[in-house]
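Chain and residue survey
Residue-level listing of the chains:
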Amino acid sequence: MPKLETIDKLAILADAAKYDASCASSGAGGRTSRGGRGVGATDGAGICHAYTPDGRCVSLLKILMTNYCMFDCAYCVNRISSNVRRARFTVEEVVALTLDFYKRNYIEGLFLSSGIIRSPDYTMGELVRIAQRLRCDHDFRGYIHLKTIPDADPALLDEAGLYADRLSINIELANADALSQLAPEKSLPAIRKSMGRLRLKIEDAKGERAKSRKAPRYAPSGQSTQMIVGADSARDIDIVGTSALLYANYSLKRVYYSAFSPIPDSSAALPLKAPPLMREHRLYQADWLLRYYGFTVDEIATGAQGGMLDLALDPKTTWALANRALFPVDVNRAPYEMLIRIPGLGVRAAQRIVATRRFHRLRLADLSRLTTSIRKMTPFICAADWRPGALTDEADLAARLKPPARQLDLFAV
Amino acid sequence: MRAITLTGETDTAGFYAAAAALAQQDVSARDVEWRTLARERDLFAAQDASLAPQRAADADRPPRAFIAATRVMLLHRDPARFALAYRLLHRLKREPNLLQIASDPDVARAGAMAKAVRRDVHKMKAFVRFRALRFSDDTEFFVSWFEPEHHVVAAVAPHFVDRFANMRWSILTPRASAHWDGAALRLAGGATRADAPGDDALEALWRTYFAHIFNPARLNVKAMQLQMPKKYWANLPEAAIIAPLVAGAPARARAMLAAAPRLVAARHACGDPGDRTGGALQGCRRCPLWRDATQAVAGEGPLDAALMIVGEQPGDREDIAGKPFVGPAGRLLDEALARAGVERAKAYVTNAVKHFKFEPRGKQRLHKTPAAAEIDACRHWLDGERALVKPKLILALGASALRGLGLRSASISSLRGSAHALPDATLIATVHPSYLLRLRDEDEKREQWRAFLADLRKAQEALQEL
């Protein structure tokens with residue numbers, strides 16, 4: 001085989017990384033290159049430097065160190081039994097690409113993952129070496145996210161967190177039995193134990209730093225994970241339940257959902273031959289309801305049919321339709337916790353309503369200036385000049401709230 | 001009609017000084033016309049920005065809240081921004097709460113302008129692309145050509161200093177430029193596209209990355225353009241390949257489908273999960289508590305310990321660490337044992353239930369008391385530990401421990417205070433340390449702590465006698 005140029009490797013190893021949904025570069029805290037030797041800063045917010053035609057953000061140089069892999073996870077394009085082209089970056093190549101891209105303001109940093117070669121320890125060791133070279137040799141102060149390998153030596157995970165802003169371990173599937181069938185080399189208990197270990201390391205390091213600024217940082221941007229949607233028979237509610245558990249058990253910053261693409265044989269009966277993007281979108285909405293809107297998994301489940309979220313309506317609206325006795329809500333009186341349960345009303349707009357109504361009774365025209373659209377919320381609210389009357393209880397309200405059918409264009413390939 | 005001339009588009013200090021003076025004289029917003037000097041002067045205004053506030057005496061500076069609400073929107077390119085901002089200031093005199101009423105049309109419009117400026121700032125941070133110039137002495141200089149929508153160059157420049165403090169660079173835009181020589185930031189007048197380099201060898205790599213991180217099976221051009229509008233494309237090296245990527249996406253997606261992994265039903269039959277672990281504790285499925293927990297937590301301590309301490313169940317920390325009594329209740333127990341003269345290291349410490357029972361609530365886990373059926377299901381493991389360790393004395397902490405030890409109808413209060421005989425050991429019962437943690441009343445807390453210590457001392461005495 002002829003020796004591959006860096007540009008060929010980049011094509012192969014970016015291709016291999018595109019199924020990782022996360023590109024977040026936020027939460028690393030303030031850090032600048034001033035007074036240092038190298039480049040890089042993080043200010044907590046994260047920046048999306050470009051958008052690809054799939055509408056996804058490019059914030060980090062997201063690559064695999066190698067797509068050679070000993071494992072045979074059925075849902076993964078890099079599994080040992082797959083016949084994709086293989087490549088492996090040298091440590092120097094990854095370091096140079098990261099720095100060259102960063103200096104031109106293409107990226108916020110590096111998101112490095114890898115197939116498992118030789119052994120989990122060897123692979124993790126190489127990933128850590130790249131991060132260490134960037135941080136120590138080049139004084140790189142941009143963002144680093146390392147995908148960690150749950151079976152690797154805990155000492156390597158401990159070292160990884162000293163260089164990385166974020167660490168992640170993929171939970172892969174919501175269902176333990178599906179995981180052991182589709183990914184025979186992986187085990188849910190091992191993944192959970194690794195996440196638990198990371199949580200304790202992160203919490204302990206935060207505690208130490210609260211006592212002394214000299215204490216080392218450990219993955220200041222926390223840990224995240226990714227779940228594949230559509231590769232097994234898990235229902236949406238199982239997935240949301242798993243997420244609720246992961247947030248509570250391991251203080252995860254984010255759970256990412258990745259629509260499995262393409263559809264596996266077992267689902268050949270489905271008419272769609274593309275990743276279930278709308279399903280993925282609804283799961284993200286449900287995830288937001290869990291984290292920012294005070295919903296429980298059981299409440300989200302009240303709007304779900306047979307454990308699956310409605311594809312035509314967002315999960316907050318389906319919940320509201322199933323709980324109409326709680327509506328209409330008076331925007332001039334209702335507590336914040338109830339305002340954020342109004343379909344179509346977000347956290348920011350609810351905060352602005354609470355701040356404004358102290359001085360001014362809100363009418364519909366006021367609301368339309370505080371939010372992007374009031375179309376969805378009118379059946380569920382009262383304002384100074386508006387009562388929905390019988391609208392809230394109308395039998396065809398669900399149909400009325402559904403967007404025109406062209407949403408499904410998303411699936412057209 | 002009064003005409004006020006500001007020294008440039010970013011002369012906010014001049015605006016505030018003039019606006020404060022006008023407001024003091026109660027001049028109506030309709031009677032003021034705002035002008036700015038020609039654009040070449042912008043740079044002087046920008047450079048003088050740090051000196052400018054001295055022109056306004058403290059007394060005639062507008063209120064702090066007004067400055068906070070307008071500082072950003074004044075960078076908007078709309079010439080009407082000064083009139084709008086002054087109208088807000090003038091109205092504030094009669095409507096002191098005005099700035100809190102986000103739904104007011106003027107306040108909402110100013111808010112929308114600020115939002116547009118913030119977005120422009122954010123997009124400039126995102127979409128500036130540097131091209132490298134390499135000199136004969138092998139040093140590099142980085143230059144970018146960018147076209148912001150609003151007057152944001154001076155506001156954004158420090159962001160680039162933060163991340164590229166050890167590079168030398170220039171950001172050129174039509175109305176203003178920022179230059180960093182490695183030590184100082186200099187703001188200057190506008191430039192043209194021709195002043196910046198036309199290419200950079202790295203762009204081929206960047207376009208390759210852009211093309212391959214894109215997933216053609218998820219084509220969504222609308223979402224891309226919402227975040228990266230076409231007006232920015234002219235200065236983005238990757239934008240040139242967007243059209244071919246979009247055109248080629250269906251074919252690439254079909255190729256991906258053809259090469260799709262085939263999910264075989266199951267590669268190997270999955271037997272009872274207990275089989276794989278030889279029926280060991282980690283594979284336990286005797287009750288449903290294993291499902292949500294990280295791991296089963298077995299007892300810990302010497303297998304020939306004379307003392308066995310039995311608690312209720314692992315908590316949040318124990319579930320993660322895989323060890324019993326390492327959380328807050330564990331620390332309290334350690335403290336009490338030390339005071340009573342009991343060496344924890346010599347005791348075998350375990351729980352009646354081996355998995356943590358809890359309810360997820362946001363980022364917290366709320367402890368739930370195990371049900372009788374769960375304690376009974378877990379007796380299998382506790383009985384095994386008792387048979388293995390054969391302790392002389394068992395210290396039971398709380399009601400769940402009693403049930404786990406087979407004392408179904410006994411309560412802590414009925415057993416407390418004296419030793420009892422079990423078939424295999426002597427029993428001393430007391431409360432669980434987490435009970436002490438939950439007490440709110442200070443007197444009650446002190447009293448219960450003393451009683452707890454007394455129970456532990458009794459255990460220590462009994463241990464010495466056995």
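What to know about the overall build of chain B
Within chain B, the secondary structure is distributed over 17 helices and 14 strands. Scaling as 2.2 N^0.38, a compact globule of 466 residues should have a C-alpha radius of gyration of about 23 Å, whereas chain B reaches 37 Å, well beyond that. Taken across its 466 residues, chain B has 41% of its residues classed as buried. When contacts within chain B are restricted to residue pairs at least 6 apart in sequence, long-range pairs at least 24 apart make up 72% of them.

Quick word on the sheet that holds strand β6 (residues 176-180) of chain B
Residue and element names in this part refer to chain B. Read from one edge of the open sheet, five strands run β3-β4-β5-β6-β7, paired in mixed fashion. Bordering the open sheet on either side are β3 (131-134) and β7 (185-189), each of which pairs with just one other strand. The sheet shows a mean angle of 20 degrees between the axes of neighbouring strands, direction not considered. Where β6 meets β7, five bridges bridge the pair, whose relative direction is antiparallel. The partner of Ser 177 across the bridge, within β7, is Ala 188. Packing of helix α6 (residues 153-163) onto the sheet brings it into contact with β5 (169-172), β6 and β7, and relative to β6 it is tilted by some 20 degrees.

Regarding helix α12 (residues 347-356) of chain A
All names here are of chain A. Here α12 has its buried residues at Ala 349, Ala 350, Arg 352, Ile 353 and Thr 356. In an axial view of α12, the angular spread of the buried residues amounts to 160 degrees, which keeps them on one side of the axis. The inward-facing, buried residues of α12 contact α11 (336-339) and α13 (364-370).

Observations concerning the interface of chain B and chain A
It is common to give the size of an interface as the accessible area that goes away when the parts come together. Taken residue by residue, the interface counts 71 residues in chain B and 77 residues in chain A. For the side of chain B that touches chain A, the element with the most residues is helix α7 (residues 202-213) of chain B, which contributes nine residues. For the side of chain B that touches chain A, the class distribution of residues is 43 nonpolar, 15 polar and 13 charged.

A closer look at the environment of Leu 157 of chain A
Secondary-structure assignment places Leu 157 of chain A in helix α4 (residues 154-163). When the C-alpha positions of Leu 157 of chain A and Ala 399 of chain A are compared, they lie 51 Å apart, and in sequence the two are 242 residues distant.

Comments concerning the packing of helix α4 (residues 81-92) of chain B against helix α5 (residues 105-127) of chain B
Residues and elements named next belong to chain B. With their axes 10 Å apart at the nearest point, α4 and α5 run at an angle of 135 degrees to one another. Here α4 is positioned oblique relative to α5, judged by the angle of their axes. In this structure, α4 crosses over α5, and the sense of that crossing is left-handed. Between α4, through Arg 81, Leu 84, Ala 85, Arg 87 and Leu 88, and α5, the contact on the second element is made entirely by Asp 106, Arg 109, Ala 110 and Met 113. In terms of residue class, the contact of α4 with α5 is built from five nonpolar, no polar and four charged.

Focus: unusual backbone geometry
Phi is mostly negative for residues that are not glycine, and the peptide bonds are mostly trans. Of note, the bond from Phe 327 of chain A into Pro 328 of chain A is cis; its omega dihedral lies within 30 degrees of zero at 0 degrees. Summarising the element assignment, Pro 328 of chain A is placed in the loop between α10 (315-322) and β11 (329-330). The phi dihedral of Asp 26 of chain B falls on the positive side, at around 60 degrees, and the residue is not glycine.

Some words on the domain arrangement of chain A
Looking at the assigned domains, one finds that chain A contains domain 1 (6-168) and domain 2 (323-411). Summarising the inter-unit geometry, the C-alpha centres of domain 1 of chain A and domain 2 of chain A are found 42 Å apart.

Quick word on helix α8 (residues 277-292) of chain A
Side chains that are three or four residues apart share a direction in an α-helix, a result of its 3.6 residues per turn. Residue and element names in this part refer to chain A. Between its terminal C-alpha atoms α8 stretches 22 Å, which fits the 22 Å expected from 16 residues at 1.5 Å a residue. All of the buried residues in α8 are Leu 277, Arg 279, Arg 282, Leu 283, Ala 286, Asp 287, Leu 289 and Leu 290. Tucked inside the fold, the buried residues of α8 contact β9 (223-229), α7 (236-250), β10 (254-259), α9 (297-302) and α10. Remark: Gly 294 follows α8 within two positions and exhibits a positive phi of approximately 70 degrees.

Conventions adopted
- Residues numbered from 1 in each chain as written.
- Chains lettered and ligands numbered in written order.
- Predicted model: local features only at pLDDT ≥ 70, side-chain atom pairs only at ≥ 80, totals over all residues.
- Helix = DSSP H or I, 4+ residues; strand = E, 2+ residues; numbered from the N terminus.
- Rg over C-alpha atoms; globule rule 2.2 N^0.38 Å.
- Buried ≥ 20, exposed ≤ 12 C-beta atoms within 10 Å, placed from the backbone.
- Contact = placed C-beta atoms within 7 Å.
- Pairing = 2+ DSSP bridges.
- Axes fitted to C-alpha atoms, helices over the stretch in contact; angles between N-to-C directions.
- Arc of directions from axis to C-beta.
- Nonpolar A, V, L, I, M, F, W, Y, C, P; charged D, E, K, R; others polar.
- Parallel < 35°, antiparallel > 145°, perpendicular 65-115°, else oblique.
- Left-handed = near helix turned anticlockwise from the far one by under 90°.
- Domains from an automatic or database assignment.
- Expected span 1.5 Å × (residues − 1).

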